[in-house]
Each structure stands twice: as structure tokens, then as C-alpha cells.
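Understanding the architecture of this molecule
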Amino acid sequence: MALKSGDKPADLQGVLETLSTKMGWVLLVLGFMHFFNLFIFSKMRQRVLLQNALPEEIGLRLLKLPTAPRELPGTFFIRNVNSIPAWRHFLVE
């Protein structure tokens with residue numbers, strides 16, 4: 001419907017020119033759609049691949065280094081009584 005032309009071609013040369021113009025537009029539109037789909041799928045794939053990566057693996061860096069938390073009244077009595085090594089980063093000793 002969008003490929004209707006205003007004039008009907010009078011000779012063989014006009015028919016071939018009209019046909020090549022219409023086919024050219026169709027190929028350009030299909031090519032654009034193809035590359036747009038490839039772009040979208042590549043972004044989706046990158047997101048899945050980087051989902052479980054560490055910040056250092058994907059080139060990110062911290063804006064500032066983490067510091068030990070401050071002692072608050074509600075956390076005053078929380079201590080690592082079982083000496084769990086993984087808790088050392090989170091508790092003030």
C-alpha cells in the first residue's frame with residue numbers, strides 16, 4: 001500500500017525503474033530492521049553476561065573506599081561472639 005506510485009510507467013524502462021526503486025526501499029527498510037534487531041539482541045546478551053560479573057571484571061571502580069560502620073545506639077550490643085570470620089567486615093570490634 002505504501003509502495004504505490006503516482007504514475008503508471010509507459011514503457012519497459014519505466015517499469016524497471018519503478019520496480020527497482022520499490023525493491024530498493026524494501027531492502028533498505030529490511031536492512032535497517034535487521035541491524036536494529038542485532039543491536040537489541042547484542043545489548044540483551046551483554047546484560048546477561050555482565051549480570052554476575054564483579055565490578056573489577058567489567059571495568060567499574062568505586063568512587064570511594066568503604067569504611068567501617070560507626071557505632072550506633074541500636075548496634076552497641078551486637079558482637080561477633082562466635083568469631084565468624086565473614087562478619088569481621090561488618091562489625092566494629
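Let us look at the structure shown here. (Residues numbered from 1 in each chain as written. Predicted model: local features only at pLDDT ≥ 70, side-chain atom pairs only at ≥ 80, totals over all residues. Heavy atoms only, no water.)

What follows covers the overall build of the protein. Helices and strands together make up the secondary structure of the protein, namely one helix and zero strands. When each of the 93 residues of the protein is scored for burial, the buried share is 3%. (Helix = DSSP H or I, 4+ residues; strand = E, 2+ residues; numbered from the N terminus. Buried < 20%, exposed > 50% of the residue type's maximum accessible area, 1.4 Å probe, protein only.)

Before going further, it helps to spend a moment on the packing of aromatic side chains. Applying the stated criterion across every chain yields a total of one aromatic pair. Between phenylalanine 32 and phenylalanine 36, the aromatic rings sit 6.3 Å apart at their centres with planes inclined by 20 degrees, giving stacked as the arrangement. With phenylalanine 32 and phenylalanine 36 both in helix α1 (residues 12-50) and four residues apart, the pair spans about one turn of that helix. What makes phenylalanine 32 exposed here is its relative accessible area of 59%. (Phe/Tyr/Trp six-rings, centres within 6.5 Å; stacked < 30°, edge-to-face > 60°.)

Residues Val26, Leu27, Val29, Leu30, Phe32, Met33, Phe36, Phe39, Ile40, Phe41 and Met44 make up a contiguous nonpolar surface patch of about 1,100 Å² in total accessible area. Looking at the secondary structure, you find methionine 33 in helix α1. (Patch = residues over 30% accessible without salt bridge, like charges linked within 9 Å, V, L, I, M, F, W, Y side chains within 5 Å. Areas by Shrake-Rupley, 256 points an atom, 1.4 Å probe, with all protein chains shown as cover. Salt bridge = Lys/Arg side-chain N within 4 Å of Asp/Glu carboxyl O.)

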